[in-house]
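Structural description and commentary
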Amino acid sequence: CNSSYCRNTDRTIYVGHREPPPGTEAYIPQRFPDNRIVSSKYTFWNFIPKNLFEQFRRIANFYFLIIFLVQLIIDTPTSPVTSGLPLLFVITVTAIKQGYEDWLRHKADNAMNQCPVHFIQHGKLVRKQSRKLRVGDIVMVKEDETFPCDLIFLSSSRGDGTCFVTTASLDGESSHKTHYAVQDTKAFHSEQEIDALHATIECEQPQPDLYNLLFLSKYLYFGMFIFCRPLGSENLLLRGATLKNTEKIFGVAIYTGMETKMALNYQSKSQKRSAVEKSMNVFLIVYLCILISKALINTVLKYVWQSEPFRDEPWYNQKTEPERKRNQFLQAFTDFLAFMVLFNYIIPVSMYVTVEMQKFLGSYFLTWDEEMFDEDTGEGPLVNTSDLNEELGQIEYVFTDKTGTLTENNMEFVECCIEGHVYIPHVICLGPFKGEELFFRALCLCHTVQVKDDDNVDGLKKSQLSRRSRIYISSSPDEVALVEGIQRFELLEVLSFDSVRRRMSVIVKSSTGDIFLFCKGADSSIFPRVKEGKIDQIRSRVERNAVEGLRTLCVAYKKLTAEEYSNAQKMLQNAKLALQDREKKLAEVYEKIERDFILLGATAVEDRLQEKAADTIEALQKAGIKVWVLTGDKMETAAATCYACKLFRRNTQILELTTKKIEEQSLHDVLFDLSKTVLRHSGSLTRDSLSGLSTDMQDYGLIIDGAALSLIMKPRQDGSSGNYRELFLEICRNCSAVLCCRMAPLQKAQIVKLIKLSKEHPITLAIGDGANDVSMILEAHVGIGIIGKEGRQAARNSDYAIPKFKHLKKMLLVHGHFYYVRISELVQYFFYKNVCFIFPQFLYQFFCGFSQQPLYDTAYLTLYNISFTSLPILLYSLMEQHVSADTLKREPSLDVAKNALLRWRAFIYWTFLGVFDAVVFFFGAYFLFDNTIVTSNGQMFGNWTFGTLVFTVLVFTVTLKLALDTHYWTWINHFMIWGSLLFYIVFSLLWGGIIWPFLNYQRMYYVFMQMLSSGPAWLGIILLITVSLLPDVLKKVLCRQLWPTATERIQVKIFFCVISF
């Protein structure tokens, strides 16, 4: 064996655990992991410490932990229970949720690890659990079973040493892929023959890449001779894939457990944060600054107040000697912390739990939507993450793939052009001309289609041209369409298709001994390699078909001499044996072989537009959302699809930024010409102007190809940072739609990132159905996968998945709209009710000598956010509909953009409304008490009755405020809102009406009943609630009359329609 190939690598595997014969090589045992899959995050022993550590990494939880510890350490005005109990509730709920999710992962892991597997031991089949497999074991897998680990394919029950595999659990592709057994072992069919094999496999350490594989196999037959055999992806069977249409196969385990490629691809996606969450964090920082300011002001004013001796040491409360000697700075710092504890409720810890519950429960409304269920596929929408629900209502840019997303990805053969002559399916036949014969031979041979005479093959299409039940199996729907459109050579070599070359070739040998190389691929990859044929006629036909929206392939060939084939075979063999840069070396060999073709003709297949795709794009544009199409197809085909789906309208002026344009002019000149054209109308095309576009209004559409984009993204030679990106972005901003054609997967992600990071920072959404769309799906703020024919890899890597493109309309314009409006109200309401709650406590310090005396009882402090006011807003955030779903579908322009409901103006309004209500609560009760209200038995109200009166007005006001904001009333709303108020009353009666034995003191005993026994208190409560709610009601009435929003106009219109009906 050549030493350049049989060198030491990172991993050596001994097939069947057989050591090499003495003297052949040094035997170095290696330790490999077992075959257990572990997707769980916790164990029984580390759950509590690990979960607590992760939860306290959140700033809010850590902040409340510090506050709780301060309450335990120093003498604070409130009990540690007031902070500890809400924090415990938050931590417990989150831990239960995460623990349950991890238990489900443990359950799934156990089911996978304990499934039975057959392997060969001492020439016999033995059954054991999957988790006990080791690297080097020889495994037998039967039809319809999944591969338990990553295997090198040794032999098959099929005579040609092949097997068919579906990778549905890896990438969702239901099409059958053909794999080939190692050439030297494919004849081993019995357990004894396989067990007698002496071989080693040298390979790299485990890598997550599913397709770039480097293997080298060395065979030692009883010590007589040694030779090497290169192995590739066609010999590798991945864990999770399923064996199909093959009775059984034998394979040797090379990667097990967490080292399998499936496990290595479990990498979690980067954490995406919504605009609402970012706004929440900013608002929390503002409120934290307010909290610190309050504590500082009160600390300073306390010492100003105590500067007078009679206030610092009144006759009834003289200081002790240790208190007089205490460090003043330390005392001031302790007072500052005490005020921080007193006012810390302005930071709503329970808001995090409520928001998380709202997102989790709200996601079920999407999955339960029957209108988004597709009966053809039996699929409904999937929610892979609920953290971005509200982001669906904020989308400004939609980046969509074309094939399989806008179109059906269901190819139908339309026509072919052979040497300039056009043929249609019903007249196709093998004519007497050599060109026709070679053309159809190329189509028949240059593909990976397998034929099976069976009715029961998963997800495959039957031939309509044969009387027999014949199934065509292929990894590409294009190939099935071509083979079905037409109807004995020896296959020598396959030069596989890849997205860079955009072509594939086969080398075949005829019965007469002639050797041909047939090649098919995109016109851009075939025409530059053609030296003769009817090039102009075929090119013209290809361009015409592309304009009509058809997918085209060009077919060419060349005849090889025996010497040329021998040289090609040697080059291919050497490249396949390389363990370093194998893909690069293969590409170089392909480039040398695939040249000097004779052009035979071209084919055209049709990929029809999906149902209601045009309606969906039109609705999105009316909502002010810009739609970009990113595709790998040629410009003419993609442009025809864009016109069909109404992305480009009849009056759209098309601007081209393509390689052809750049060849005629410099990139600089092209960009500046386009810039002058689109900037004739001052200002960029905003969301509002886009939503108002009429069919008669002039607008622009831009077409750019991958080569032009590469030039734009490339920095200038002078090193200037501006380059052409800003100019390109300025052109795009003034275009109503953009088509990016001839895009590589990485370029799709670059486009999304470029827009995402532009100065406007728009919210982006990427939608696609194939593995080549995953990069842009992960890059966008929100990624949506189509559960389509190209597999589920896009759906698995997305945040949400839908069956068809048409479902995007309701997902964004209805569900997304509701999600955003609801959670915006939830966030603003939480801050509002906490300002109402804690600002009276701040005002109270001016009337109690800044003594840190709490205004409310401990029970009220603890339960305010947990029980009294939490459930109504949670239900509101799940069920509120300010307009109906049908109205939102009819009026896409109602979509709320740019986080409008959480802007500073709205935040300041809610904050000042909370301050106003708090002032009304406090001073209204203060002036009421200033008149020395007494009960019927002559007793005066005390400070706890004063605090209870303020708290009662507070609870009723914030709850009724939510009732006034509710548009969609159900019995559940009534139950929650009025039930919460009733619960508060019942709790207060029980809390103050019973002597509780577990309390050391009971300062609230009979306080609530005493307050209710006073007529003026009743009148004061009703009056203060009315005064508190009045400004907000007046503001809404005036704004609705003078400056109504689009939503309010629709509400009024619907109201009058209902009345007139």
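Residues numbered from 1 in each chain as written. Predicted model: local features only at pLDDT ≥ 70, side-chain atom pairs only at ≥ 80, totals over all residues. Heavy atoms only, no water.

For the chain, the name recorded in an unreviewed UniProt entry is Phospholipid-transporting ATPase, with Chrysolophus pictus as its organism. UniProt, in its Subunit (unreviewed entry) section for the chain, records the words "Component of a P4-ATPase flippase complex which consists of a catalytic alpha subunit ATP11A and an accessory beta subunit TMEM30A." Turning to the chain, the UniProt annotation filed under Sequence similarities (unreviewed entry) states: "Belongs to the cation transport ATPase (P-type) (TC 3.A.3) family. Type IV subfamily." (UniProt positions renumbered as here; feature names shortened; annotations may be inferred.)

Broken down by element type, the chain carries 36 helices and 33 strands. When each of the 1061 residues of the chain is scored for burial, the buried share is 53%. Of the roughly 49000 Å² of accessible surface on the chain, a fraction of 57% belongs to carbon and sulfur atoms. (Helix = DSSP H or I, 4+ residues; strand = E, 2+ residues; numbered from the N terminus. Buried < 20%, exposed > 50% of the residue type's maximum accessible area, 1.4 Å probe, protein only. Areas by Shrake-Rupley, 256 points an atom, 1.4 Å probe, with all protein chains shown as cover.)

Turning to the confidence of the model for the chain, a few remarks are in order. On average, residues of the chain carry a pLDDT of 79, and 81% of them reach 70 or more. Across residues 1–9 the pLDDT falls below 50, and counting only partners more than four positions away or on other chains, this stretch makes 19 contacts in the model. Here residues 455–469 scores under 50 on pLDDT; set against residues more than four positions off or in separate chains, the count is 36 contacts. (pLDDT = per-residue confidence, 0-100. Contact = heavy atoms within 4.5 Å.)

Moving on to the packing of aromatic side chains. Inspection of the entire model under this criterion finds 56 aromatic pairs. Taking 5.5 Å as the distance between ring centres and 90 degrees as the angle between the ring planes, the aromatic pair formed by Phe-360 and Tyr-364 counts as edge-to-face. Of this pair, Phe-360 and Tyr-364 both sit in helix H10 (residues 350–367), separated by 4 residues, roughly a single helical turn. Overall, the relative accessible area of 34% leaves Phe-360 in the partly exposed class. On the basis of an interplanar angle of 70 degrees and a centroid distance of 6.5 Å, the ring pair of Tyr-844 and Phe-922 is categorised as edge-to-face. Of this pair, Tyr-844 sits in helix H27 (residues 807–844) while Phe-922 is found in helix H31 (residues 904–930), placing the two residues 78 residues apart along the sequence. You'll find Tyr-844 and Phe-922 in the same group, each marked buried. Members of the aromatic cluster, each reached through a chain of ring pairs, are Tyr-345, Phe-837, Tyr-856, Tyr-860, Tyr-864, Phe-868, Phe-951, Phe-983, Tyr-984, Phe-987, Trp-991 and Phe-1008. Sitting over the face of the ring of Phe-527, Arg-539 holds its NZ or CZ atom 4.4 Å from the ring centroid. It is Lys-1035 that lies over the ring of Tyr-909; its NZ or CZ is 4.5 Å from the centre. (Phe/Tyr/Trp six-rings, centres within 6.5 Å; stacked < 30°, edge-to-face > 60°. Lys NZ or Arg CZ within 6 Å of the ring centre and 35° of its normal.)

Together, Met-357, Phe-360, Leu-361, Tyr-364, Phe-365 and Trp-368 make up an exposed nonpolar region whose accessible area comes to about 550 Å². Within the fold, Trp-368 resides in the loop between H10 and strand E14 (382–383). Using a relative accessible area of 59% as the deciding quantity, one classes Trp-368 as exposed. (Patch = residues over 30% accessible without salt bridge, like charges linked within 9 Å, V, L, I, M, F, W, Y side chains within 5 Å. Salt bridge = Lys/Arg side-chain N within 4 Å of Asp/Glu carboxyl O.)

Here we come to the environment of Arg-502. For Arg-502, the position within the fold is in the loop between strand E21 (490–498) and strand E22 (503–509). Residue classification places Arg-502 among the partly exposed residues on the basis of a relative accessible area of 26%. Counting along the chain gives 21 residues from Arg-502 to Asp-523, while the straight-line C-alpha distance between them is 9.1 Å.

Relative orientation of the contacting elements helix H6 (residues 275–305) and H27 amounts to 5 degrees, with a least axis distance of 12 Å. By the criterion of interaxial angle, the relationship of H6 to H27 is roughly parallel. In this structure, H6 contributes Val-276, Met-280, Phe-283, Leu-284, Tyr-287, Lys-294 and Asn-298 to the contact, and H27 contributes Tyr-820, Ile-823, Val-827, Phe-831, Val-835, Ile-838, Phe-839 and Phe-842. Classifying every residue of the contact of H6 with H27 by side-chain character gives 13 nonpolar, 1 polar and 1 charged. (Axes fitted to C-alpha atoms, helices over the stretch in contact; angles between N-to-C directions. Parallel < 35°, antiparallel > 145°, perpendicular 65-115°, else oblique. Nonpolar A, V, L, I, M, F, W, Y, C, P; charged D, E, K, R; others polar.)

Right, let's talk about the pattern of salt bridges for a bit. Per the stated rule, a full pass over the model turns up 27 salt bridges. Asp-615 is paired through a salt bridge with Lys-809; the nearest N and O atoms lie 3.2 Å apart. On the criterion of sequence distance, the pair formed by Asp-615 in helix H17 (residues 613–622) and Lys-809 in helix H27 is long-range, its members being 194 residues apart. Taking the relative accessible area as the measure of exposure, Lys-809 reaches 16% and is therefore buried. When the shortest N-O distance is used, the salt bridge between Asp-886 and Lys-889 registers 4.0 Å. In this pair, Asp-886 and Lys-889 are both assigned in helix H30 (residues 885–890), 3 residues apart and thus about one turn of the helix distant.

A general feature of soluble globular proteins is that nonpolar side chains tend to end up buried together. Core analysis: the largest hydrophobic core is formed by 94 residues, its most contacted members being Val-827, Tyr-856, Tyr-860, Phe-951 and Leu-954. Residue contributions to this core peak at 16 residues, all from H27. Other than its neighbours up to four places away in sequence, Tyr-860 contacts Phe-837, Phe-868, Thr-948, Phe-951, Tyr-984, Phe-987, Ser-988, Met-1004 and Phe-1008. Ranked by size, the runner-up nonpolar core spans 41 residues in total, among them Val-398, Leu-406, Ile-617 and Ile-802. (Core = buried A, V, L, I, M, F, W, Y, C linked by side-chain atoms within 4.5 Å.)

Spatial ordering of the open sheet is given by E3-E2-E4-E13-E5-E11, a layout of 6 strands whose pairing is antiparallel. Where the open sheet ends on each side, the last strands, each with one partner, are strand E3 (124–129) and strand E11 (236–237). As defined by bridge partners, strand E2 (residues 116–121) adjoins strand E4 (residues 138–142) across 2 bridges and the pair is classed as antiparallel. Bridging across to E4, His-118 finds its partner in Met-140. (Pairing = 2+ DSSP bridges.)

Reported here for the largest cavity is a volume of approximately 100 Å³. Along the walls of the largest cavity sit 14 residues, with Thr-82, Pro-86, Tyr-345, Val-349 and Asn-865 positioned nearest its centre. Broken down by element, the lining of the largest cavity gets its largest block of residues, 4 residues, from helix H28 (residues 858–868). Here the lining of the largest cavity is composed, by residue class, of 8 nonpolar, 6 polar and no charged. (1 Å grid on protein atoms, 1.4 Å probe; cavity = no way out; pocket = protein on both sides within 12 Å on 5 of 7 lines; lining within 4 Å. Points joined across faces, edges and corners; volume = space filled by probe spheres on them.)

To continue, consider unusual backbone geometry. Positive phi values are uncommon outside glycine, yet Asp-144 reaches one of about 70 degrees. For Asp-144, the position within the fold is in the loop between E4 and strand E5 (150–156). Residue classification places Asp-144 among the partly exposed residues on the basis of a relative accessible area of 49%. Phi at Asn-245 takes a positive value of approximately 55 degrees, unusual for a residue other than glycine. Of note, Asn-245 is situated in the loop between strand E12 (242–244) and strand E13 (248–255).

Before going further, it helps to examine the sheet that holds strand E31 (residues 764–768). Ordered by their spatial adjacency, 9 strands build an open sheet running E14-E33-E32-E31-E15-E27-E30-E29-E28, and the pairing between neighbours is mixed. The open sheet terminates on both sides in strands that have one partner only, identified here as E14 and strand E28 (652–657). Alignment of strand E29 (residues 699–705) against strand E30 (residues 737–741), held across 5 bridges, turns out to be parallel. The residue bridging Leu-702 from the neighbouring strand is Val-738, located in E30. Strands strand E27 (626–630), E28, E29 and E30 of the sheet are contacted by helix H18 (residues 635–644), whose axis makes an angle of about 150 degrees with E30.

Relative to the assigned elements, Thr-952 resides in helix H32 (residues 943–965). In this structure Thr-952 comes out as buried when scored by relative accessible area, which is 4%. Look past the residues within four positions of Thr-952 in its chain and what remains in contact with it is Tyr-984, Phe-1008, Met-1011 and Ile-1021.

Bringing the pairing of strand E15 (residues 397–400) into the picture now. Every second residue of E15 is oriented toward a common face, with Tyr-397 and Phe-399 on one face and Val-398 and Thr-400 on the other, all of them buried. Pairing geometry for E15 and E27, over 4 bridges, is parallel. Opposite Phe-399, over in E27, you have Trp-628 as the bridge partner. As paired strands, E15 and E31 are joined by 4 bridges and run parallel to one another. What sits directly across from Val-398, in E31, is Leu-765.

Quick look at the environment of Val-629 now. For Val-629, the location among the structural elements is in strand E27. Relative accessible area serves as the criterion here: at 0%, Val-629 is assigned to the buried category. With 74 residues separating them along the chain, Val-629 and Ile-703 place their C-alpha atoms 9.6 Å apart. Those residues in contact with Val-629 that lie beyond four places of it in its chain are Thr-400, Lys-402, Leu-406, Cys-642, Leu-647, Val-738, Leu-739 and Cys-740.

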